[in-house]
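# Fold and contact review
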Amino acid sequence: MKSVYDTCTKDNVKVSYSLYTMLFELGLNPSNKGTIYLKEVIEYVVLNGLYDASYQEILKRFICENHYELKNIKDNIKNALYRVDYAKARKNFERYLKLPFDVYYFSPSKFISILALKYKN
């Protein structure tokens, strides 16, 4: 998939690579399409500064710009978060996100918000 970041900008590339690694360390499956969509949506939020936007609004904008289908995106993201390796997530959650582990954070809107806010600065 084409990355939305310019490869000449070190900061954006750093966010992209560290985000992908973090998703794997938080127990998401690298071969799951939903994991790839999660990464793209989080990068989209960071790139466009949509930290205060609702999950629905973010998806509408993201889908409109990338010409995806809403149902596919939502289903794949839910599936990726449903199939998280919780043992791995428990082990690394506090280390990466500075939050105590809670399954509550694995809803799509909360997960995207937490990870996007990590890269806000």
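Residues numbered from 1 in each chain as written. Predicted model: local features only at pLDDT ≥ 70, side-chain atom pairs only at ≥ 80, totals over all residues. Heavy atoms only, no water.

The next thing to look at is the overall build of the protein chain. Regarding its fold elements, the protein chain presents 6 helices and 0 strands. In sequence order, the secondary structure elements of the protein chain are arranged as α-α-α-α-α-α. Counting across all 121 residues of the protein chain, residues that qualify as buried make up 42%. For the protein chain, long-range pairs separated by at least 24 residues make up 57% of all intrachain contacts whose partners lie at least 6 apart in sequence. Looking at the protein chain as shown, the accessible area adds up to about 7300 Å², and 51% of this sits on carbon and sulfur atoms. (Helix = DSSP H or I, 4+ residues; strand = E, 2+ residues; numbered from the N terminus. Buried < 20%, exposed > 50% of the residue type's maximum accessible area, 1.4 Å probe, protein only. Contact = heavy atoms within 4.5 Å. Areas by Shrake-Rupley, 256 points an atom, 1.4 Å probe, with all protein chains shown as cover.)

Counting 37 residues, the largest nonpolar core has L26, L28, I77, L81, L97, F111 and L115 as its most contacted members. Of all the secondary-structure elements, those providing two or more residues to this core are α1 (10-25), α2 (33-48), α3 (55-66), α4 (70-82), α5 (86-97) and α6 (108-118). A per-element tally of this core places α2 first, with 7 residues. When residues no more than four places from it in sequence are discounted, the contact partners of L115 are M22, L23, L26, I42 and L97. (Core = buried A, V, L, I, M, F, W, Y, C linked by side-chain atoms within 4.5 Å.)

A few words now on α4. Over its 13 residues, α4 extends 18 Å from the first C-alpha to the last, a length consistent with the 18 Å expected when each residue adds 1.5 Å. What α4 keeps buried is the set I73, I77, A80 and L81. Around the axis of α4, the buried residues are gathered within 95° of arc, so they sit on the same side. In α4, those exposed residues whose orientation departs by more than 90 degrees from the buried face are K71, K78 and Y82. Buried residues along α4 sit against α2, α3, α5 and α6. (Expected span 1.5 Å × (residues − 1). Arc of directions from axis to C-beta.)

Assignment of secondary structure puts S54 in the loop between α2 and α3. Distance from S54 to S113, taken between C-alpha atoms, is 9.1 Å for residues 59 residues apart in sequence.

The interhelical angle for the contact between α3 and α4, taken along N-to-C directions, is 125°, at an axis separation of 10 Å. In terms of orientation, α3 and α4 fall into the oblique class. Crossing of α3 against α4: the hand is right-handed. Contacts between α3 and α4 involve Y55, Q56, L59, F62 and I63 from the first element and L70, I73, K74 and I77 from the second. (Axes fitted to C-alpha atoms, helices over the stretch in contact; angles between N-to-C directions. Parallel < 35°, antiparallel > 145°, perpendicular 65-115°, else oblique. Left-handed = near helix turned anticlockwise from the far one by under 90°.)

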